[in-house]
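Structure at a glance
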Amino acid sequence: MQRQGEGGGSAVIRVRAAGGLLLVAHLALVAWITLRPLDVPWVSPANLHPFAGIRADLALGPALAARRIGAGLGLLAPLGVLLPMAGGRLSASPLGSLVRTVAAGALLSLGIELLQTGVPGQVVDIDSLLLNTVGVALAHAAVVPAARAGLRRRAESRRRAALPREDTAQGRTPTIPRVGIAP
């Protein structure tokens with residue numbers, strides 16, 4: 001367990017609790033969006049060729065491509081912030097945190113894609129796995145390092161404010177000059 005100092009304990013608990021609650025809510029929404037059966041007359045085959053779906057989206061025009069690619073990037077992007085928030089660590093390595101978060105996002109996206117194989121109307125798409133993972137990485141890189149730095153600055157300023165200050169009303173402490181030792 002990581003120690004956060006004397007004054008920051010309740011704040012860390014609140015951040016972790018809020019992160020965990022928001023994480024559960026987001027995952028419930030993602031499960032509802034991606035794993036509910038769809039009543040469709042036909043289903044396209046699974047896309048197992050990387051970037052084939054993205055190229056097809058780009059061929060449809062810039063507006064529709066931006067909407068489809070943006071939806072793929074945005075579906076799991078909040079995990080890039082919510083996973084470190086639920087972890088609650090302020091002093092984590094930025095690269096280590098990014099790697100852990102992206103790996104968790106990729107595994108979650110892979111799990112969703114594998115679960116979609118048994119859901120009527122849902123199709124496995126390797127491009128959604130790639131876009132979801134990139135979305136998690138972008139959200140993490142854009143928000144988490146700056147937020148952690150701000151929280152560390154705030155905790156440090158609170159820690160400094162809690163330290164007793166030296167009383168300067170009496171002036172400087174006198175010092176005794178060095179006296180040489182006789183031979």
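Residues numbered from 1 in each chain as written. Predicted model: local features only at pLDDT ≥ 70, side-chain atom pairs only at ≥ 80, totals over all residues. Heavy atoms only, no water.

1. Topic: the overall build of the protein chain
- Each helix and strand counted, the protein chain has six helices and zero strands in total.
- When the helices and strands of the protein chain are read in sequence order from the N terminus, they spell out α-α-α-α-α-α.
- Residue burial in the protein chain is summarised as follows: out of 183 residues, 26% are buried.
- Across the protein chain, contacts joining residues at least 24 apart in sequence account for 79% of those joining residues at least 6 apart.
- About 12,700 Å² of surface is accessible on the protein chain, with carbon and sulfur atoms providing 67% of the total. (Helix = DSSP H or I, 4+ residues; strand = E, 2+ residues; numbered from the N terminus. Buried < 20%, exposed > 50% of the residue type's maximum accessible area, 1.4 Å probe, protein only. Contact = heavy atoms within 4.5 Å. Areas by Shrake-Rupley, 256 points an atom, 1.4 Å probe, with all protein chains shown as cover.)

2. Description of a nonpolar patch on the surface
- Together, L29, W32 and I33 make up an exposed nonpolar region whose accessible area comes to about 300 Å².
- Mapped onto the elements, I33 comes out in helix α1 (residues 9–35).
- Judged by relative accessible area, I33 falls into the partly exposed class, the value being 36%. (Patch = residues over 30% accessible without salt bridge, like charges linked within 9 Å, V, L, I, M, F, W, Y side chains within 5 Å. Salt bridge = Lys/Arg side-chain N within 4 Å of Asp/Glu carboxyl O.)

3. Some points on the packing of aromatic side chains
- Counted by the stated rule, this structure contains zero aromatic pairs.
- Taking NZ or CZ as reference, R36 lies 4.3 Å from the ring centre of W32, over its face. (Phe/Tyr/Trp six-rings, centres within 6.5 Å; stacked < 30°, edge-to-face > 60°. Lys NZ or Arg CZ within 6 Å of the ring centre and 35° of its normal.)

4. Thoughts on the pattern of salt bridges
- If you walk through the whole model with that rule in mind, you get three salt bridges.
- Put simply, E156 and R160 hold a salt bridge, and the shortest N to O gap is 3.7 Å. One end of the pair is E156 and the other is R160, both in helix α6 (residues 126–162) and four residues apart, which spans about a single turn.
- Look at R160 and you get exposed, because its relative accessible area is 53%.
- What emerges from the salt-bridge pattern is a single network uniting E156, R159 and R160.

5. A closer look at helix α3 (residues 62–75)
- The end-to-end C-alpha distance of α3 is 20 Å, a good match for the 20 Å that 14 residues give at a rise of 1.5 Å each.
- Within α3, burial applies to A65, I69, G72 and L75. The buried side chains of α3 occupy one side of the element, clustering within an arc of 135° when seen end-on. Seen from the open side of α3, the exposed residues pointing more than 90 degrees away from its buried face are P62, A63, A66, R67 and A71. (Expected span 1.5 Å × (residues − 1). Arc of directions from axis to C-beta.)

6. Considering the packing of helix α5 (residues 94–115) against α6
- Remark: α5 packs on α6, axes separated minimally by 9 Å, with the N-to-C direction vectors making an angle of 150°. By the criterion of interaxial angle, the relationship of α5 to α6 is roughly antiparallel. As α5 packs across α6, the resulting crossing turns out to be right-handed. Two secondary-structure elements touch here, α5 through P94, S97, L98, T101, V102, G105, A106, S109, L110 and E113 and α6 through S128, L129, N132, T133, V136, A137, H140 and R148.
- For the contact of α5 with α6, a count of residues per class yields eight nonpolar, eight polar and two charged. (Axes fitted to C-alpha atoms, helices over the stretch in contact; angles between N-to-C directions. Parallel < 35°, antiparallel > 145°, perpendicular 65-115°, else oblique. Left-handed = near helix turned anticlockwise from the far one by under 90°. Nonpolar A, V, L, I, M, F, W, Y, C, P; charged D, E, K, R; others polar.)

7. Side note on the environment of A106
- You can see A106 is positioned in helix α5.
- By relative accessible area, A106 is classed as partly exposed at 24%.
- Through-space distance from the C-alpha of A106 to that of N132 is 7.3 Å; in sequence the pair is 26 residues apart.
- If sequence neighbours within four positions are ignored, A106 has contacts with L129 and T133.

8. Re the packing of α3 against α6
- It is the contact of α3 with α6, at a shortest axis distance of 6 Å, that shows an interaxial angle of 60°. By the angle class used here, α3 and α6 are oblique. The two elements α3 and α6 cross, and the hand of that crossing is right-handed. Facing α3, whose interface residues are I69, G72, L73 and L75, α6 presents L131, N132, V134 and G135.
- When its residues are assigned to classes, the contact of α3 with α6 shows five nonpolar, three polar and no charged.

Coordinates in, geometry out; function isn't part of it.
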